[in-house]
Amino acid sequence: CQGDCDNDGECQGSLQCFQRAATETVPDCLGDGTSGTDYCAARLTDNTLFLKGDEGSPAANFPLGICDGDCDVDANCEQNLICGQRTGVQAVPGCEGLGTSGKDYCRYPSLS
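Residues numbered from 1 in each chain as written. Predicted model: local features only at pLDDT ≥ 70, side-chain atom pairs only at ≥ 80, totals over all residues. Heavy atoms only, no water.

> I would appreciate a short explanation of the packing of aromatic side chains in the present structure.
Centre-to-centre distance and the angle between the planes together describe a pair of aromatic rings. Going through the model one piece at a time under the given rule, you end up with 1 aromatic pair. Aromatic side chains F18 and F50 sit 5.1 Å apart centroid to centroid with 90° between the ring planes, which places their arrangement in the edge-to-face category. Of this pair, F18 sits in strand β2 (residues 16–18) while F50 sits in strand β4 (residues 50–51); the two residues are 32 residues apart in sequence, bridging distant segments of the chain. Take F18: its relative accessible area is 2%, and that puts it in the buried class. Assessed through its relative accessible area of 0%, F50 is described here as buried. (Phe/Tyr/Trp six-rings, centres within 6.5 Å; stacked < 30°, edge-to-face > 60°. Helix = DSSP H or I, 4+ residues; strand = E, 2+ residues; numbered from the N terminus. Buried < 20%, exposed > 50% of the residue type's maximum accessible area, 1.4 Å probe, protein only.)

> Would you explain the sheet that holds strand β3 (residues 39–41) in this entry?
Backbone hydrogen bonds are what pair the strands of a sheet, in a parallel or an antiparallel way. Sheet architecture is open: 3 strands sit in the order β1-β3-β2, paired in antiparallel fashion. Each edge of the open sheet is held by one strand with a lone partner, namely β1 (2–3) and β2. Sheet topology places β1 next to β3; 2 bridges connect them, and they run antiparallel. Within the sheet, the bridge partner assigned to Q2 lies in β3 and is C40. (Pairing = 2+ DSSP bridges.)

> Where do I start with unusual backbone geometry in this structure?
With the exception of glycine, the majority of residues adopt a negative phi angle, and the majority of peptide bonds are in the trans configuration. A cis amide bond links F62 to the next residue, P63, at an omega of 0°. By the element assignment, P63 lies in the loop between β4 and β5 (68–69). Cis geometry is found at the peptide bond from G69 to D70, where omega equals 5°. Mapped onto the elements, D70 comes out in the loop between β5 and β6 (82–84). One non-glycine residue with positive phi stands out, namely C67, at about 70°. Checked against the element boundaries, C67 lands in the loop between β4 and β5. Even without being a glycine, N80 presents a positive backbone phi close to 75°. You can see N80 is positioned in the loop between β5 and β6. For N80, a relative accessible area of 62% puts it in the exposed group.

> Explain the pattern of salt bridges here, please?
The final tally for this structure, using the stated rule, is 2 salt bridges. Between R43 and D68 there is a salt bridge whose closest N-O contact spans 2.7 Å. Here R43, found in the loop between β3 and β4, pairs with D68, found in strand β5; they are 25 residues apart in sequence, far enough to count as distant. Since its relative accessible area comes to 15%, R43 is described here as buried. (Salt bridge = Lys/Arg side-chain N within 4 Å of Asp/Glu carboxyl O.)

Okay, here's the thing in structure tokens:
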């Protein structure tokens with residue numbers, strides 16, 4: 001895990017930039033890191049829940065793809081996806097993992 005990134009282009013190889021507002025757990029990384037610092041991390045699968053941004057920032061990451069968060073409305077997600085609203089760590093249909101508590105993720109509307 002490497003920090004501080006603003007987008008996937010700043011990460012090496014297949015690592016992706018995991019966006020954080022505070023000390024959200026970065027997948028497969030140890031420790032809390034620095035609050036608010038975004039880290040390059042390995043995404044286990046394309047369907048693994050992964051924080052890519054929040055409230056439209058960073059703009060380069062929006063619209064969000066499948067199993068990407070944090071979305072607030074369907075318009076934050078790519079075409080044909082919806083923003084799956086949740087509280088806690090409820091399962092997101094079609095996605096793997098728990099994600100970050102209280103964060104919402106883009107998903108296919110046909111899955112329930």
